Amino acid sequence: MFNEFLSASHNIENLLLSPFEKTLNKTLNKIDSQVINEKEIAFNLKKVDGALSKLAQHQPLKTLINFIINLINNSQSQRKALTDELTHTYAEVKLLRTQLSESREQAAIDSLTGLLNRRGCQSKLQEFNINQTHSTIAIDIDHFKQINDSFGHAVGDKVIQLIANIIKQSISADDIAARLGGEEFIVVMHNKSIKIAENIAEKIRTSVEKLKLIQKQTNTYLPKISVSLGIAELDEEENWDSLFEKADKAMYQAKELGRNRCVISQTSCLV
Ligand SMILES: Nc1nc2c(ncn2[C@@H]2O[C@H](COP(=O)(O)OP(=O)(O)OP(=O)(O)O)[C@@H](O)[C@H]2O)c(=O)[nH]1
């Protein structure tokens, strides 16, 4: 559904808006050059008209010139109205293009954290060559329900945002970080082995562990926040879903083993 929206939106932009914008631009330029020509003609005719005013015997010619000048003036004011309309349409096309691109982004981004959402993640994954080495980290906040229950949903949201920032800052620009929903995140490490993913996962875990959070209204410390992480590497001929499943399983093992730890998927070996 999201991919259909993406391709429809790109089609509207590439097949409709861009050619329309180009044609509008060309038409506006043509009108501009015609206006300049007409202005020159009107200027010259006015000069001739001035010269003829001194010669009474050329009255019929003078009347003809005045008639032509009036015609040009009328045509220029019509053209000005047309230019205004086309300029307005041009601005509308531009706005439509911006809105399309914004709605594409909004559909792919999680509004709470600014990370990609599930759909955005799936779409971005299409840019990766699945035949290369990639790793993934599944991340879930521990006992998050307690934070919500004790401090309220707004504080829970703030914790989600802080952890999202830690994740964002721990990865490189070519990696993917997404919030899959609730307190669940996924990182896909582009062209990186599980060894590198393990280091990054540990960095995320320790950064979260070090957070010291105070609820401003009551001036009370929140209990220590922690995350459980599962790490896996994409095997040959494996697809993204099964990679995420492996990382998810490892993350649940981390929960079972006491939380606040990283577990490597048993099917993905460290080199
Ligand atoms: N503040 C906030 N809470 C959310 C959001 N989405 C889901 N939740 C809450 O996240 C909590 C998830 O709780 P559980 O799935 O029981 O997991 P947990 O308490 O983190 O426990 P473990 O995962 O087992 O460590 C629920 O209370 C949801 O209501 C959100 O966007 N904001």
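What counts as what
- Residues numbered from 1 in each chain as written.
- Predicted model: local features only at pLDDT ≥ 70, side-chain atom pairs only at ≥ 80, totals over all residues.
- Heavy atoms only, no water.
- Axes fitted to C-alpha atoms, helices over the stretch in contact; angles between N-to-C directions.
- Helix = DSSP H or I, 4+ residues; strand = E, 2+ residues; numbered from the N terminus.
- Left-handed = near helix turned anticlockwise from the far one by under 90°.
- Contact = heavy atoms within 4.5 Å.
- Nonpolar A, V, L, I, M, F, W, Y, C, P; charged D, E, K, R; others polar.
- UniProt positions renumbered as here; feature names shortened; annotations may be inferred.
- Core = buried A, V, L, I, M, F, W, Y, C linked by side-chain atoms within 4.5 Å.
- Buried < 20%, exposed > 50% of the residue type's maximum accessible area, 1.4 Å probe, protein only.
- Near = heavy atom within 4 Å.
- Polar contact = N/O pair within 3.5 Å; in protein donor to acceptor, adjacent residues only side chain to side chain.
- Areas by Shrake-Rupley, 256 points an atom, 1.4 Å probe, with all protein chains shown as cover.
- Salt bridge = Lys/Arg side-chain N within 4 Å of Asp/Glu carboxyl O.

**Considerations on the packing of helix α5 (residues 153-170) against helix α6 (residues 194-209)**
Interaxial distance between α5 and α6 falls to 10 Å at its minimum, and their mutual angle equals 145°. The way α5 lies across α6 gives a crossing that is right-handed. For the pair α5 and α6, the contacting residues are I163, I166, I167, Q169 and S170 in the first and I200, K203, I204, S207 and V208 in the second. When its residues are assigned to classes, the contact of α5 with α6 shows six nonpolar, three polar and one charged.

**What to know about the UniProt feature "domain: GGDEF" (unreviewed entry) in the protein**
The positions UniProt marks with the feature "domain: GGDEF" (unreviewed entry) are residues 132-267. Between the end C-alpha atoms of residues 132-267 there is a gap of 17 Å, over a span that is 43% helix and 24% strand.

**Some details on the nonpolar core**
Of all hydrophobic cores here, the largest spans 32 residues; its most connected members are I137, I139, I163, F185 and I225. Of all the elements in the fold, those that place two or more residues in this core are β1 (135-141), α4 (144-151), α5, β3 (184-189), α6 and β6 (227-233). If one sorts the elements of this core by residue count, α5 sits on top with seven residues. Those residues in contact with I139 that lie beyond four places of it in its chain are I167, E183, E184, F185, V187, I204, V227, S228 and L229. Within the second largest apolar cluster, 16 residues are counted, among which are F128, I176, V188 and L234.

**With respect to the site of the ligand**
In the region of the ligand, 16 residues are neighbours, and H143, F144, N148, D157 and R179 sit closest. I141 is positioned with one of its backbone polar atoms (N or O) 3.2 Å from an oxygen atom of the ligand. Side-chain polar atom of R179 to an oxygen atom of the ligand: 2.7 Å apart, as the coordinates give it. Protein chains shield 65% of the accessible area of the ligand, which is 670 Å² for the free molecule. Of the residues forming the shell around the ligand, the biggest block, four residues, is contributed by α5. Tallied by class, the residues present in the shell around the ligand amount to three nonpolar, five polar and eight charged.

**Things to note about the pattern of salt bridges**
Inspection of every chain in the model, using the stated rule, returns 15 salt bridges. Measuring nitrogen to oxygen at the nearest pair gives 2.6 Å for the salt bridge that ties E21 to R97. One end of the pair, E21, is in helix α1 (residues 2-53); the other, R97, is in helix α2 (residues 59-108), and 76 residues separate them in sequence. By relative accessible area, which is 10% here, E21 ends up buried. By relative accessible area, R97 is classed as partly exposed at 23%. One salt bridge connects D235 with K246, and the closest N-O pair in it is separated by 3.1 Å. Placement of D235 in the loop between β6 and α7 (240-256) and of K246 in helix α7 is noted, with a sequence separation of 11 residues between them. By relative accessible area, K246 is classed as buried at 11%. One salt-bridge network, in which partners are shared between bridges, spans D140, D142 and K255.

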